[in-house]
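In case you want the letters, here they are:
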Amino acid sequence: MMKSMHTSEDIIENTKRFVKKELEKAEGGHDWFHILRVYNNALLISKNEDVDGFVVALGALLHDIADSKFHDGDETVGPKIARKFLFENNVDSKVIEHVVNIIKHISFKGGNINQDFTSSELNVVQDADRLDAIGAIGIARTFNYGGFKNRKLFDPSIKVNLEMTKEEYKASTAPTINHFYEKLLLLKDRMNTKTGKKIALERHKFMEQFLEQFYAEWDGEK
């Protein structure tokens, strides 16, 4: 008797279990809960977009399966792991290629890189991921990673660099506050979807308020 094919729902549930297991020891800002937030953000944004929900779900769940930051900068690890997992779950080859391309092209990479792949599904997942990098959770994740890398909170003598190459951005050891200007505050204007832009605006304002308070406390004004 032929074994029944997995449904889309089965594959999504298998993917959730796989990712949760793979990331059980991940750094706190790039763990299973980050994936879950991005997944939920993607589902929310998808309601107002003409997209393949299956591709969006898989792209969101697998987008950080092996973040290059934790693999010596190797950007090939994540796509390879995702491709192998999806192939073993009998996912259609076109869907696999689409999801792998989302993983390859979702990252910020300093903001100076032109993408050679675009799709409505990538737009949704990219927005969902960027939303988790800003606002209250974005602030928490940024300082968590800064602590993980033992970076200074702030050093007025180390200036913000908005002209970094991809390599310079990946190798940067600048204080955590600099990261707000080199990435987080730039994301509001780089959202792809109407829903993403609307949510990003509110989270952006919260970050501006945080920075105002931070500098006031740093200077002993509050």
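Here's a quick rundown of the structure. (Residues numbered from 1 in each chain as written. Predicted model: local features only at pLDDT ≥ 70, side-chain atom pairs only at ≥ 80, totals over all residues. Heavy atoms only, no water.)

## Considerations on the environment of Lys 188
For Lys 188, the position within the fold is in the loop between helix H9 (176–182) and helix H10 (194–218). Between the C-alpha atoms of Lys 188 and Arg 130, which are 58 residues apart in sequence, the distance is 8.7 Å. Once residues lying within four places of it in the same chain are set aside, the contact partners of Lys 188 are Ala 200, Leu 201 and His 204. (Helix = DSSP H or I, 4+ residues; strand = E, 2+ residues; numbered from the N terminus. Contact = heavy atoms within 4.5 Å.)

## Here's the deal with unusual backbone geometry
Of note, the phi angle at Asn 90 is positive, near 60°, even though the residue is not glycine. With a phi close to 55°, Asn 150 is a non-glycine residue in the positive phi region.

## Here we look at the environment of Val 124
Mapping Val 124 onto the fold places it in helix H6 (residues 120–131). Sequence-wise, Val 124 and Val 51 are 73 residues apart; in three dimensions their C-alpha atoms are separated by 8.4 Å. Discounting residues that sit within four places of it in the chain, Val 124 has contacts with Ala 42, Ile 45, Ser 46, Glu 49, Val 51, Val 56 and Thr 193.

## Comments concerning the pattern of salt bridges
A complete count under the given rule lists nine salt bridges for this structure. One salt bridge in this structure joins Glu 13 and Lys 16, with 3.4 Å as the shortest N-O distance. In this pair, Glu 13 and Lys 16 are both assigned in helix H1 (residues 8–22), three residues apart and thus about one turn of the helix distant. When its relative accessible area of 38% is taken as the criterion, Glu 13 is described as partly exposed. In this structure, the salt-bridge partner of Asp 189 is Lys 188, at a minimum N-O distance of 3.0 Å. The exposure class of Asp 189 is exposed, given its relative accessible area of 63%. Several salt bridges converge on common partners, so that one network encompasses Arg 37, Asp 132 and Arg 141. (Salt bridge = Lys/Arg side-chain N within 4 Å of Asp/Glu carboxyl O. Buried < 20%, exposed > 50% of the residue type's maximum accessible area, 1.4 Å probe, protein only.)

## A few points about the packing of helix H2 (residues 32–46) against helix H3 (residues 53–62)
At a minimum axis separation of 8 Å, H2 and H3 run at an interaxial angle of 155°. Between H2 and H3, the angle falls in the class roughly antiparallel. Note on packing geometry: the crossing formed by H2 with H3 is right-handed. Contacts between H2 and H3 involve Trp 32, Ile 35, Val 38, Tyr 39, Ala 42 and Ser 46 from the first element and Val 56, Ala 57, Ala 60 and Leu 61 from the second. Taken together, the residues of the contact of H2 with H3 sort by class into nine nonpolar, one polar and no charged. (Axes fitted to C-alpha atoms, helices over the stretch in contact; angles between N-to-C directions. Parallel < 35°, antiparallel > 145°, perpendicular 65-115°, else oblique. Left-handed = near helix turned anticlockwise from the far one by under 90°. Nonpolar A, V, L, I, M, F, W, Y, C, P; charged D, E, K, R; others polar.)

## Section: the layout of surface pockets
Volume-wise, the largest pocket comes out at about 1100 Å³. Forming the walls of the largest pocket are 45 residues, and the residues nearest its centre are Asp 67, Lys 69, Ser 107, Tyr 169 and Lys 183. The leading source of residues in the lining of the largest pocket is helix H7 (residues 135–148), at five residues. Residues of the lining of the largest pocket, tallied by class, amount to 14 nonpolar, 15 polar and 16 charged. (1 Å grid on protein atoms, 1.4 Å probe; cavity = no way out; pocket = protein on both sides within 12 Å on 5 of 7 lines; lining within 4 Å. Points joined across faces, edges and corners; volume = space filled by probe spheres on them.)

## Some remarks on the nonpolar core
In terms of nonpolar packing, the biggest core is built from 53 residues, with Leu 58, Leu 62, Leu 86, Val 91, Val 99 and Phe 180 touching the most fellow members. Every element with two or more residues in this core is listed here: H1, H2, H3, helix H4 (77–88), helix H5 (93–105), H6, H9 and H10. Tallying contributions element by element places H3 first for this core, with eight residues. (Core = buried A, V, L, I, M, F, W, Y, C linked by side-chain atoms within 4.5 Å.)

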